[in-house]
Amino acid sequence: MTRKLGMPQDKTSRKSDHPYARVQSDAPPTIAFAGPGPAALAVEAIEVCQAIQSVDNSVTLIANKATMVRVYIAQSGVASETRLRGEITLRTSGQGPATFVPAMNELILDPTDGAAIADKRETITKSLNFRLPDSATRAGSLIIEVNRVTQAGGDDLPLTGTRTVPIKFVPAPPLRIRCIGLRYRDGAGKTYTPDAVHFAYFRSYLERAYPVPSVIWSQIVVDANFTAPFNNDTVLDANMQIAAIRSTEINSGTDPRTHYVALVDDANGANFMRGRAMGIPATPQPDTVASAPCGVPKGFAGDADLSYADWYGAHELGHTFGRYHPGYPPGQQDASDPAFPFQNGQLSNADRKFVGYDLGDPALGMPLQALAGVGHHDVMTYADRQWLCAYTFEAIRIRLKEEDEQFAPVG
Ligand SMILES: [Zn+2]
């Protein structure tokens, strides 16, 4: 990258050579500061991320949900590897007072890095990232502006490109979950209870991936009315049992928008109960319950952390919001959702328009991650590495809104 040429060093000789030197000497120097320095940095895009997004921010942003802003800067703006820091301003209107937010990270911009914006979107460190304060994600409009980019420890750098993006946060109801651990006994009299980690992972995943500002969560463990070994009817028994519990609790004042989900421990693989929702309602029906197995994944569906209850539970819960199967992998899953828009059950087609964002959960040691749209699959598939695609995210958002309107307790 070439740098702009500065003024000639010998100003005196230039001044005396110039026919208007006398006039100029009385005027303030107008271009004396265009000395050697970096060319302008081009802002390529400002992406506002919750669970899934396109670079033009086409996915609905949920008010009061954890939100991160990514600012992409062209590598061509630096002559050599440069560490950049940044600051954005947030305003609710053009003239309103600004909130200043510093970047969470330093961006190392390398002019020899050939990464295109699609590549950068899939690597969380290849942008300046900003976590929005809660007060900035209230329902309504927000104008995000790249205010400053500085060389670490240095001056502000000139910026070009689109420095401002207007966005809108849309109000959404919380997700209400009553999670019931069903404790069962096997033939030898040994009992199996879901570990706390499975509840924690499930809850956290719903908070991170679902189109909701928060999860109103409660959990309890009760004795199951079935025993191991399991058969095909076990999950039906589980659903019947929690549907009965739900009915009693709703009659006693529990919010009728609450979804009930059972977790059944897999006894380290010895007693695996295949999950199932009691139905896939075409209209809002929060009384539809679902049950899911839980356990340590050991690579199950590409998962190597402490629990698969998160995405598995989110899948069964997705059915209770009317979501069907995309049909992937073929042969393993029925294609009951012919409208599913992405190849291979992915989060994005090959155009890489959509990138999943997991903003992480420090309490569970989960890092902030960008989830490549082609390498990850929708939660309603049976494929590896599951997250919510934009289609599922929007569909559940709309169903939750309908449930909220139709089932809100009176008074
Ligand atoms: Zn399913």
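Since this is a predicted model, take the numbers as computed values, not measurements.

What counts as what
Residues numbered from 1 in each chain as written. Predicted model: local features only at pLDDT ≥ 70, side-chain atom pairs only at ≥ 80, totals over all residues. Helix = DSSP H or I, 4+ residues; strand = E, 2+ residues; numbered from the N terminus. Rg over C-alpha atoms; globule rule 2.2 N^0.38 Å. Buried ≥ 20, exposed ≤ 12 C-beta atoms within 10 Å, placed from the backbone. Domains from an automatic or database assignment. Contact = placed C-beta atoms within 7 Å. Nonpolar A, V, L, I, M, F, W, Y, C, P; charged D, E, K, R; others polar. Pairing = 2+ DSSP bridges. Axes fitted to C-alpha atoms, helices over the stretch in contact; angles between N-to-C directions. Parallel < 35°, antiparallel > 145°, perpendicular 65-115°, else oblique. Left-handed = near helix turned anticlockwise from the far one by under 90°. Expected span 1.5 Å × (residues − 1). Core = buried A, V, L, I, M, F, W, Y, C linked by C-beta atoms within 7 Å. pLDDT = per-residue confidence, 0-100.

**A word on the overall build of the protein chain**
Item 1. Along its length, the protein chain carries 7 helices and 21 strands.
Item 2. What you see for the protein chain is a C-alpha radius of gyration of 27 Å, clearly larger than the 22 Å of a compact globule of 411 residues, by over 25%.
Item 3. With respect to the principal axes defined by its C-alpha atoms, the protein chain has extents near 105 × 50 × 35 Å.
Item 4. Residues counted as buried form 41% of the 411 residues belonging to the protein chain.

**Quick notes on the domain arrangement of the protein chain**
Item 1. Each assigned domain of the protein chain is listed with its residue range as follows: domain 1 (41-170) and domain 2 (175-351 + 378-407).
Item 2. Taking the mean C-alpha position of each, domain 1 and domain 2 sit 34 Å from one another.
Item 3. Taken residue by residue, the interface counts 8 residues in domain 1 and 12 residues in domain 2.
Item 4. Partitioning the side of domain 1 that touches domain 2 into residue classes produces 5 nonpolar, 2 polar and 1 charged.

**Here we look at the sheet that holds strand E4 (residues 68-73)**
Item 1. Strands sit in the order E8-E4-E1-E10 across an open sheet of 4 strands; the sheet is mixed. Bordering the open sheet on either side are strand E8 (128-131) and strand E10 (159-161), each of which pairs with just one other strand. Averaged over all neighbouring strand pairs, the angle between strand axes comes to 35°, with direction disregarded.
Item 2. For strand E1 (residues 41-49) and E10, the ladder comprises 3 bridges, and the chain directions are parallel. Pairing of Leu-41 across the sheet is with Leu-159, part of E10.

**With respect to the packing of helix H4 (residues 196-209) against helix H6 (residues 309-320)**
Item 1. Running from amino to carboxyl end, H4 crosses H6 at an angle of 60°, the nearest separation of the two axes being 7 Å. It follows that H4 is oblique to H6 by the angle criterion. Of the two possible hands of crossing, H4 and H6 adopt the one that is right-handed. Residue-level inspection shows His-198, Tyr-201, Phe-202, Ser-204, Tyr-205, Leu-206 and Ala-209 of H4 in contact with H6, the latter providing Ala-309, Asp-310, Trp-311, Gly-313 and Ala-314.
Item 2. Partitioned by chemical class, the residues of the contact of H4 with H6 number 8 nonpolar, 3 polar and 1 charged.

**Description of the sheet that holds strand E19 (residues 369-371)**
Item 1. On the basis of which strands lie adjacent, the open sheet formed by 3 strands has the order E2-E18-E19 and antiparallel pairing. Looking at the sheet topology across the chains shown, the edges are occupied by strand E2 (52-54) and E19. Neighbour-to-neighbour, the strand axes of this sheet turn through a mean angle of 35°, independent of strand direction.
Item 2. As defined by bridge partners, strand E18 (residues 354-358) adjoins E19 across 3 bridges and the pair is classed as antiparallel.

**Here we look at unusual backbone geometry**
Item 1. The omega angle of the peptide bond from Ala-228 to Pro-229 is 0°, so this bond is cis rather than trans.
Item 2. That bond from Tyr-328 to Pro-329 is cis: its omega, -5°, falls within 30 degrees of zero.
Item 3. Examined against the element boundaries, Pro-329 turns out to sit in the loop between H6 and E18.
Item 4. Not every positive phi belongs to a glycine, and Asn-344 is a case in point at roughly 55°.

**Topic: H4**
Item 1. Helix length check: H4, at 14 residues, gives a terminal C-alpha distance of 20 Å against a target of 20 Å (1.5 Å per residue), a fit within 8%.
Item 2. In terms of burial, H4 is a largely internal element, 10 of the 14 residues being buried.
Item 3. Of all the residues in H4, the buried ones are His-198, Phe-199, Tyr-201, Phe-202, Arg-203, Tyr-205, Leu-206, Glu-207, Arg-208 and Ala-209.

**What about the nonpolar core?**
Item 1. In terms of nonpolar packing, the biggest core is built from 95 residues, with Ile-52, Val-69, Ile-73, Ala-238, Leu-388 and Cys-389 touching the most fellow members.
Item 2. Each of two domains, domain 1 (41-170) and domain 2 (175-351 + 378-407), supplies a minimum of three residues to this core.
Item 3. With near-sequence residues (within four places) excluded, Ile-52 lies in contact with Val-59, Leu-347, Phe-354, Gly-356, Tyr-357, Leu-388, Cys-389, Ala-390 and Phe-393.

**Quick notes on the pairing of E18**
Item 1. Of all the 5 residues making up E18, 5 are buried; the element is thus mostly covered by neighbouring parts of the structure.
Item 2. Alignment of E2 against E18, held across 3 bridges, turns out to be antiparallel. Its bridge partner lying in E18, Ile-52 is registered against Gly-356.

**Focus: the confidence of the model for the protein chain**
Item 1. Taken residue by residue, the protein chain gives an average pLDDT of 91. The fraction at 70 or more is 91%.
Item 2. For the stretch residues 1-36, pLDDT sits under 50, and the model shows 25 contacts to residues farther than four places along the chain or on other chains.

**Overview of the environment of Pro-297**
Item 1. Considering the arrangement of structural elements, one finds Pro-297 in the loop between strand E17 (290-294) and H6.
Item 2. Along the backbone, Pro-297 and Ala-309 are 12 residues apart, and their C-alpha atoms lie at a distance of 8.8 Å.
Item 3. The residues touching Pro-297, leaving out its near neighbours within four places in the chain, are Asp-303, Ala-304, Asp-305, Ser-307 and Tyr-308.

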